[in-house]
Amino acid sequence: MDHVMELVGLSKSYGGKKVVDSFSLKMEKGHVYGLIGPNGAGKTTVMKMMAGLTAADEGSMQFFGSEDLDGMRDRISFIIEAPCMDQNMTASQNMEYVRLLRGIPDKNRIDELLAFVGLENTGKKLAKNFSLGMRQRLGLAMSILPGPEIMVLDEPINGLDPEGIIDIRKMLKDLAVNKGMTILISSHILKELSELCTDYAIIREGKLIEELSHEELLQKTHTRLVLQTDDVARTATILEDHLKIQDYKITHENEILIYEQLDDLRRISKTVTDHGLIITHFHLEGESLEEYYIGKVGERHE
């Protein structure tokens, strides 16, 4: 496995209280990791230790297989608690500051990235007059500008409206899939994490209580695809012959319940429709990430 980051036994105490307790996590290149836990679970402290903003009392870290953490942090971008920017500068001016600071020669990247995050028309508006969601978008653009290989994002969709959340999700997916970027993201909006992440790490009282992939989550929550078309027999043949799906069953209502390849719904849908069938029902059902999380931590998620 190509681990780009490895955290081993990290611990941190404040005022005699241990807020992170022997936390370990390995991250693979191009994966999107969701760090999940209630308020006070230690998520932000883990990220601060990664960024060098606070020192670990115990444990070790490796970035890109190296223990030269300061040197390797040049290849990582962090947004922790809130994006850092000059409130009396425009979006373009903040981006130009980062460009000069990091020695990035291509000035055109500024306009490209502002358009990428939907801030191309902010003009001379100062950051202090931005909404919280606009500041989150600008922070993301500033983080992407240096071309990091890893991004560590603490609540990056905080303050965004539903449309903005979808936009950020698409952007992060694009960075992971098309740029090979590795992303560690915390969020209290678990539905969004379930649609974005390839892997999850659940933390409670500073301890990692479970680490699992998206596929493992689907298996553990008994998630299944409910598919119904205008010809159930032909659909079953297509599933077996063209998609090599064997783990399915047909109900008395002529619904097909599919239990595998749930991470590639688009391919299933396209293959069925490409063979001339009409899909009348197509949806996932089963326990959600939030329900699974509540069952693990034993408390209501806020």
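Definitions and cut-offs
- Residues numbered from 1 in each chain as written.
- Predicted model: local features only at pLDDT ≥ 70, side-chain atom pairs only at ≥ 80, totals over all residues.
- Heavy atoms only, no water.
- Helix = DSSP H or I, 4+ residues; strand = E, 2+ residues; numbered from the N terminus.
- Contact = heavy atoms within 4.5 Å.
- Areas by Shrake-Rupley, 256 points an atom, 1.4 Å probe, with all protein chains shown as cover.
- Lys, Arg positive; Asp, Glu negative; His and termini not counted.
- Charge placed at Lys NZ, Arg CZ, Asp CG, Glu CD.
- Core = buried A, V, L, I, M, F, W, Y, C linked by side-chain atoms within 4.5 Å.
- Buried < 20%, exposed > 50% of the residue type's maximum accessible area, 1.4 Å probe, protein only.
- Patch = residues over 30% accessible without salt bridge, like charges linked within 9 Å, V, L, I, M, F, W, Y side chains within 5 Å.
- Salt bridge = Lys/Arg side-chain N within 4 Å of Asp/Glu carboxyl O.
- Pairing = 2+ DSSP bridges.
- Axes fitted to C-alpha atoms, helices over the stretch in contact; angles between N-to-C directions.

Asks: Could you give an account of the overall build of the chain, naming the residues involved and the relevant values?
Replies: If you tally the helices and strands in the chain, you get 11 helices and 13 strands. Counting only C-alpha atoms and orienting by the principal axes, one finds that the chain spans roughly 60 × 50 × 35 Å. For the chain, the proportion of contacts with a sequence separation of at least 24, taken over those separated by at least 6, is 66%. Within the structure as shown, the chain displays about 15100 Å² of accessible surface, and the carbon and sulfur contribution to it stands at 47%. Charged side chains in the chain number 35 positive and 49 negative. The centres of these two groups are separated by 5 Å.

Asks: How would you summarise the nonpolar core if you had to cite specific residues and measurements?
Replies: Core analysis: the largest hydrophobic core is formed by 48 residues, its most contacted members being Met95, Leu138, Leu140, Leu172, Ile183 and Ile185. Setting aside chain neighbours within four positions, we find Leu172 in contact with Leu140, Leu153, Ile183, Ile185 and Leu196. Leu25, Ala51, Met72 and Ile80 belong to the second-largest nonpolar core, a separate cluster that totals 29 residues.

Asks: Break down helix H11 (residues 289–297) for me, citing the residues and quoting the values.
Replies: Residues of H11 that are buried: Leu289, Tyr292, Tyr293, Ile294 and Val297. In this structure, the buried residues of H11 make contact with strand E3 (32–36), helix H7 (190–196), strand E8 (199–204), strand E9 (207–213) and helix H8 (214–220).

Asks: Which residues make up a negative patch on the surface, and what values do they have?
Replies: Judged by side-chain charge, Glu211, Glu215, Glu216, Asp263 and Asp264 come together as a negatively charged surface patch. Relative to the helices and strands, Glu216 resides in helix H8.

Asks: An account of the sheet that holds strand E5 (residues 76–79) is needed here, citing residue identities and associated values.
Replies: The six strands lie next to each other as E5-E6-E7-E3-E8-E9, forming an open sheet whose pairing is mixed. The outermost strands of the open sheet, each flanked by one partner alone, are E5 and E9. When the angles between neighbouring strand axes are averaged without regard to direction, this sheet yields 15°. Inspection of the sheet shows E5 paired to strand E6 (residues 150–154) by four bridges, in the parallel sense. Pairing of Ile76 across the sheet is with Ile150, part of E6. Across the sheet, helix H5 (residues 132–144) lies against E5 and E6, angled at about 165° from E5, the strand it touches most.

Asks: Report on the pattern of salt bridges, specifying residues and quantitative values.
Replies: In the structure shown here, the tally under the stated rule is 14 salt bridges. As a salt-bridge pair, Lys207 and Asp21 come within 3.7 Å of each other at their nearest N and O atoms. Here the residue Lys207 occupies a position in strand E9, and Asp21 occupies one in strand E2 (residues 17–28), the gap between them amounting to 186 residues. Between Asp167 and Arg137 there is a salt bridge; the shortest N-O distance is 3.5 Å. One end of the pair, Asp167, is in helix H6 (residues 162–179); the other, Arg137, is in helix H5, with 30 residues separating them in the sequence. With relative accessibility at 26%, the residue Asp167 sits in the partly exposed group.

Asks: Summarise unusual backbone geometry; cite the residues concerned and give the values.
Replies: Backbone geometry at Glu81 places phi at a positive 70°, although glycine is not the residue there. Its relative accessible area of 56% is what places Glu81 among the exposed residues. Positive phi is not limited to glycine here, since Glu155 has a value of about 55°. Locating Glu155 in the fold gives a position in the loop between E6 and H6.

Asks: Got a sec to walk through the environment of Val272? Specific residues and values, please.
Replies: Tracing the backbone through its elements, the reader meets Val272 in helix H10 (residues 265–274). With a relative accessible area of 0%, Val272 lands in the buried category. Remark: the alpha-carbon pair of Val272 and Arg234, spanning 38 residues in sequence, is separated by 9.3 Å. Sequence-distant contacts of Val272, defined by excluding residues within four places in its chain, comprise Leu227, Thr229, Leu277 and Ile279.

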